[in-house]
Amino acid sequence: MAKSKISKLTISTEFDVYDSVQDMAKKDAALLLEAQKMIKSAYAPYSEFHVGAAVLLENGKIVTGNNQENAAYPSGLCAERVAIFYAGAQYPNVKVKTIAISVKSKNTVIKEPLSPCGGCRQVIAEYENKFREPIRIIMMGEKGPIYIAKSIESLLPLMFSKKYL
């Protein structure tokens, strides 16, 4: 039996890490504060996992969103998609520059940044492709460090895009 030749592909990613909001640029800290405010009005009666998102557009506008659950689980929507889709509907030709995401659970203290789910990653990738410009992603838990990714490629390195269609 012939021995198959296997090669390896290594993918690495890099994030800027901040210990606190006070260490960040004021513009990023302000955007993260808007995401944190949105946690309070998230509708999450089933998971009790509240997520807030804030999107900074190229025109300086900030659009916010939070997760919206539904008893029929597939009918709910994540905070990131709520904010990005609203931005896309209200400002269809304005680039998304940055999205900030913050979380809080009623069941546990989240001590690390949580990244967007796979569906939200793909939506962010779509908007990066639409405007041909990276979208910075700021992620924070309830406590602990803050991560900033320069592009969705940091979270979705082998992303699917329109170039395959």
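The text that follows walks through the structure, step by step, so that each part is easy to find. Quantities reported herein were computed from a predicted structural model and do not represent experimental measurements.

An ideal rise of 1.5 Å per residue puts 20 Å on 14 residues; helix H3 (residues 118–131) measures up with 20 Å between its terminal C-alpha atoms. Packed against the buried residues of H3 are helix H2 (79–90), strand S4 (96–105) and strand S5 (136–140). Backbone geometry just after H3 places Arg132 at a positive phi near 55°.

The next thing to look at is the side chain of Glu80. The topology assignment puts Glu80 in helix H2. No salt bridge is formed by the buried Glu80; its nearest oppositely charged neighbour, Arg81, is found at 6.4 Å. With near-sequence residues (within four places) excluded, Glu80 lies in contact with Val51, Ala53, Ile99, Ile101, Pro116 and Cys120.

Attention now goes to the sheet that holds S5. Sheet architecture is open: six strands sit in the order S1-S6-S5-S4-S2-S3, paired in mixed fashion. Of all the strands in the sheet, just strand S1 (16–18) and strand S3 (62–66) have a single pairing partner and so form its edges. On average, each strand axis in the sheet is inclined to that of its neighbour by 15°, with strand direction left out of account. Pairing of S5 with strand S6 (residues 146–149) involves four bridges; the strand directions are antiparallel. Among the inter-strand pairings, Ile138 is bridged to a residue of S6, identified as Ile148.

On to the nonpolar core. Most often, soluble globular proteins have nonpolar side chains that are buried together. Counting 28 residues, the largest nonpolar core has Ile99, Ile137 and Ile152 as its most contacted members. Elements with a minimum of two residues in this core: strand S2 (49–57), H2, S4, H3 and S5. Considering every element that reaches this core, the biggest residue donor is H3, with five residues. The contacts of Ile99, once residues within four sequence positions are left out, are Leu31, Ala53, Ala54, Val55, Glu80, Ile84, Ile124, Ile135, Arg136, Ile137 and Ile138.

What counts as what
- Residues numbered from 1 in each chain as written.
- Predicted model: local features only at pLDDT ≥ 70, side-chain atom pairs only at ≥ 80, totals over all residues.
- Heavy atoms only, no water.
- Helix = DSSP H or I, 4+ residues; strand = E, 2+ residues; numbered from the N terminus.
- Expected span 1.5 Å × (residues − 1).
- Contact = heavy atoms within 4.5 Å.
- Buried < 20%, exposed > 50% of the residue type's maximum accessible area, 1.4 Å probe, protein only.
- Lys, Arg positive; Asp, Glu negative; His and termini not counted.
- Salt bridge = Lys/Arg side-chain N within 4 Å of Asp/Glu carboxyl O.
- Pairing = 2+ DSSP bridges.
- Axes fitted to C-alpha atoms, helices over the stretch in contact; angles between N-to-C directions.
- Core = buried A, V, L, I, M, F, W, Y, C linked by side-chain atoms within 4.5 Å.

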